[in-house]
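Read off the chains here:
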Amino acid sequence: MAVEHPHDVPPRDDLPTAEATGLRWQAATVDQLHNWAALIARTAAVEHPAWFEKSGDLVHILESTTNDARINTLLGLDGDGVARAYGRIIKNPDGDKATGMGCVDPGWQRRGIGSAVLAWQEARTIERFTADAGSGHLASPPRLRVRTEEQHRHQAVLLESRGYAAVRWFNEMHRPLSIPLPLAPLPPGLQLRTLDSSLHEPVRLAHNDAFRDHWGSEPRDRESWRFTMEEPTARHDWSTVAIDTASGTVAGYQLASFDPDAAADRGFTEGYTELLGVRREFRGRGIAQALLADAMRRFAAAGMDMASLDVDSANPTGALGLYVGMGYTPVNRSITWEKLL
């Protein structure tokens, strides 16, 4: 793995103190990759999130040029060098928000470490907004968002104590594949193609167009889209693109994944629709239904038990109703928290 950066970063003086946390802090680095991934997996084994970052995802974090890991990540090590806490933020240069992620080893929780990580994320967010505005990017008030699963009440308590408000709810939805699959043919004039490398860029452009009216969504640049295409759990053979035969335009797409680790933890296998989008001018013609029905057939043929996805409960395109109509039911909720800094 090659991690290249355009300039040197001076030594950091923004890290939490060892005296307050009992940990030694540094940026996440390549040599800490397995230690870092083990921390996240250890935490997930106790907290059972629907999804958690694996080594391949962490490699992408280290490779990012938009969010330099040397100044936007944080790793807390105990006296034996074992990773016990991690945090990071991401922000698009012209974006109006930063997003924070992280975790604390379950055996090290309730020691103020989560509060220290969150305080660092807030300070780093302010620095990012200031730096981006100084570089000529869109200036806006610094805002940090954090997403948690509703079941993880300890995270909600921390966020509420620091002035965060819940601003959005998302539903994880499942659809058993053991019941008859829906019939939803693609409308005339459209062709269904399995995702391949020649479609990566056209689908990126279609995604940016389709998600213009989605809350919290920002355009994906080439680098972040490459990370999406190279996601370790991505299943391009289960991912499909609807193409307008007259113009060759990508009208819609369904990007799928499969996580064998999640299957072992949750007790069932699932084909997961990571992204589903239809361009505005093609909406209302049943394209989304056709893409989902095709995905279900592919999932079932591969032996999956369930079709799954995640949806914004207030999605303006009516996606929640669409999924319910296709047989999906809500099984879990997550919450997006926000604080204006």
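These lines cover the structure that appears in this document, whether it is placed above or below.

Reading the values: the criteria
- Residues numbered from 1 in each chain as written.
- Predicted model: local features only at pLDDT ≥ 70, side-chain atom pairs only at ≥ 80, totals over all residues.
- Heavy atoms only, no water.
- Helix = DSSP H or I, 4+ residues; strand = E, 2+ residues; numbered from the N terminus.
- Buried < 20%, exposed > 50% of the residue type's maximum accessible area, 1.4 Å probe, protein only.
- Pairing = 2+ DSSP bridges.
- Right-handed = clockwise from strand over helix to strand, strands pointing away.
- Contact = heavy atoms within 4.5 Å.
- Salt bridge = Lys/Arg side-chain N within 4 Å of Asp/Glu carboxyl O.
- Axes fitted to C-alpha atoms, helices over the stretch in contact; angles between N-to-C directions.
- Parallel < 35°, antiparallel > 145°, perpendicular 65-115°, else oblique.
- Left-handed = near helix turned anticlockwise from the far one by under 90°.

Right, let's get into unusual backbone geometry. Working note: non-glycine residues mostly have negative phi, and peptide bonds are mostly trans. If you check the backbone angles, His48 has positive phi at about 50° while not being a glycine. With respect to the secondary-structure elements, His48 resides in the loop between helix H2 (33-47) and helix H3 (55-63). Take His48: its relative accessible area is 40%, and that puts it in the partly exposed class.

Moving on to the pairing of strand E4 (residues 98-104). Working note: regular strand, side chains alternate between the two faces of the sheet. Looking at chain direction, strand E3 (residues 83-90) and E4 are connected through six bridges and run antiparallel. Along E4, the bridge assignment pairs Ile89 with Gly100. Sheet topology note: the E4/strand E5 (residues 143-149) ladder contains three bridges and is parallel. Counted as the bridge partner of Gly100 is Val146 from E5. Once you follow E4 into helix H5 (residues 113-134) and on to E5, the crossover reads as right-handed.

Further remarks concern the side chain of Glu122. Within the fold, Glu122 resides in helix H5. Filtering out sequence-adjacent residues up to four positions away, Glu122 remains in contact with Leu144, Arg162, Tyr164, Lys339 and Leu341.

This part is about the pattern of salt bridges. Applying the stated criterion across every chain yields a total of 31 salt bridges. As a salt-bridge pair, Glu160 and Arg153 come within 3.0 Å of each other at their nearest N and O atoms. The class for Glu160 is partly exposed, based on a relative accessible area of 38%. Between Glu201 and Arg204 there is a salt bridge, and its shortest N-O distance comes to 2.7 Å. Taken together, the positions of Glu201 and Arg204, both in helix H7 (residues 200-210) and three residues apart, correspond to about one turn of that helix.

Moving on to the packing of H2 against H3. Two quantities define a packed helix pair, namely the angle between the helix axes and the distance between the axes. Contact pair H2 / H3: the axes reach a minimum separation of 10 Å and the direction vectors enclose 125°. On the basis of their axis angle, the class for H2 and H3 is oblique. When the axes of H2 and H3 are compared, the crossing they make is right-handed. Facing H2, whose interface residues are Leu33, His34, Trp36, Ala37 and Ile40, H3 presents Ser55, Leu58, Val59, Ile61 and Leu62.

Moving on, we get to the environment of Leu62. In this structure, Leu62 sits in helix H3. Overall, the relative accessible area of 3% leaves Leu62 in the buried class.

Time to look at the sheet that holds strand E1 (residues 24-26). Taken together, the twelve strands give an open sheet; going across it, the order is E1-E2-E3-E4-E5-E12-E6-E11-E10-E9-E8-E7, and neighbouring strands pair in mixed fashion. Two strands lie at the open edges of the sheet, namely E1 and strand E7 (190-194), each paired on one side alone. When the angles between neighbouring strand axes are averaged without regard to direction, this sheet yields 20°. Across the sheet, H2 lies against strand E2 (73-77), E3 and E4, angled at about 100° from E3, the strand it touches most. Where H7 meets the sheet, it contacts strand E8 (234-244), strand E9 (250-257) and strand E10 (270-278), and its direction lies at approximately 105° from that of E9.

From the geometry alone we can't say anything about function, so treat these as descriptive.
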